[in-house]
Amino acid sequence: MDAAMIGKIEKALQYSQEPDRLHINALKVTFKGDHHDHLVSYNDGTWHCDCSFFKARGVCSHVMTVERVLAGMVEPAEAVPMPA
Ligand SMILES: [Zn+2]
């Protein structure tokens, strides 16, 4: 392996210890649920999930899980208040 590539790998190892360098703008995640797979997406601070709970409440366990895994790199989802 050439010296330039070794230098890049070393830099990547260093950067990977500094996750605050990363801000995620968009992503799509297939979430393996207990009963069904769900598609979670995130685009410029807006979350979406194809499950029925998200449709009613604007957040769900699938979105919350991805938020936790990517903590500090994404904006939190805003829950919709429970209907009266
Ligand atoms: Zn969901």
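Placed above this text is the structure.
Scope of this entry: the structure provided in the associated data block. (Residues numbered from 1 in each chain as written. Predicted model: local features only at pLDDT ≥ 70, side-chain atom pairs only at ≥ 80, totals over all residues.)

### A word on the overall build of the chain
Note the threshold: What counts as a helix is a DSSP run of H or I of at least four residues, what counts as a strand is a run of E of at least two, and both are numbered from the N terminus. Taken over C-alpha atoms, the radius of gyration is set against a globule rule of 2.2 Å times the number of residues to the power 0.38. Our exposure labels follow a C-beta count within 10 Å of each residue's own C-beta, placed from the backbone: buried means 20 or more other C-beta atoms, exposed means 12 or fewer, and partly exposed covers the counts in between. By the criterion used throughout, residues are in contact when their C-beta atoms, derived from the backbone, lie within 7 Å.
When helices and strands are tallied, the chain shows three helices and three strands. Taking 84 residues into account, the globule formula puts the C-alpha radius of gyration at 12 Å, and the chain, at 17 Å, lies well above it. Considered along the principal axes of its C-alpha atoms, the chain spans approximately 65 × 25 × 15 Å. For the chain, with 84 residues in total, the buried portion stands at 13%. Long-range pairs, those at least 24 residues apart, make up 27% of the contacts in the chain between residues at least 6 apart in sequence.

### A word on helix 3 (residues 61-69)
Note the following rule: Note: the arc covers the axis-to-C-beta directions of the helix.
Within helix 3, burial applies to His 62, Val 63 and Val 66. Along the axis of helix 3, the buried residues cluster in a sector spanning 95°; they form a single face.

### Notes on the pairing of strand 1 (residues 26-32)
A regular strand carries its side chains on alternate faces of the sheet. Here is the rule we go by: Here the rule is simple: two strands pair whenever DSSP picks up at least two bridges between them.
Counting buried positions over the seven residues of strand 1 gives zero, only a small fraction of the element. Pairing geometry for strand 1 and strand 2 (residues 37-43), over seven bridges, is antiparallel. Looking at strand 2, one finds that Leu 27 is bridged to Tyr 42. In this structure, the hairpin formed by strand 1 and strand 2 is closed by a connection of four residues.

### Focus: the pairing of strand 2
Both strand 2 and strand 3 (residues 46-49) contribute to a ladder of four bridges, which runs antiparallel. Bridge pairing in strand 3 places Val 40 opposite Cys 49. Hairpin connection of strand 2 to strand 3: two residues between the antiparallel strands, including Asp 44 at a positive phi of 50°.

### Points about helix 1 (residues 3-15)
Convention followed: Expected helix span is given by 1.5 Å per residue-to-residue step, counting one fewer step than there are residues.
Over its 13 residues, helix 1 runs 18 Å from end to end, which matches the ideal 18 Å to within 8%, given 1.5 Å per residue. Among the 13 residues in helix 1, zero count as buried, and that is only a small part of the element.

### Focus on the sheet that holds strand 2
Pairing between the strands of a sheet comes from backbone hydrogen bonds, and it takes one of two forms, parallel or antiparallel. Convention followed: Between N-to-C directions, angles span 0 to 180 degrees; the directions come from axes that are lines fitted to C-alpha atoms, helices contributing only their stretch in contact.
Pairing within the open sheet is antiparallel, and its three strands lie in the order 1-2-3. Where the open sheet ends on each side, the last strands, each with one partner, are strand 1 and strand 3. Strand-to-strand twist across the sheet, computed as the mean angle between neighbouring axes with direction ignored, equals 15°. Those strands touched by helix 3 are strand 1, strand 2 and strand 3, and its axis lies near 55° from that of strand 2.

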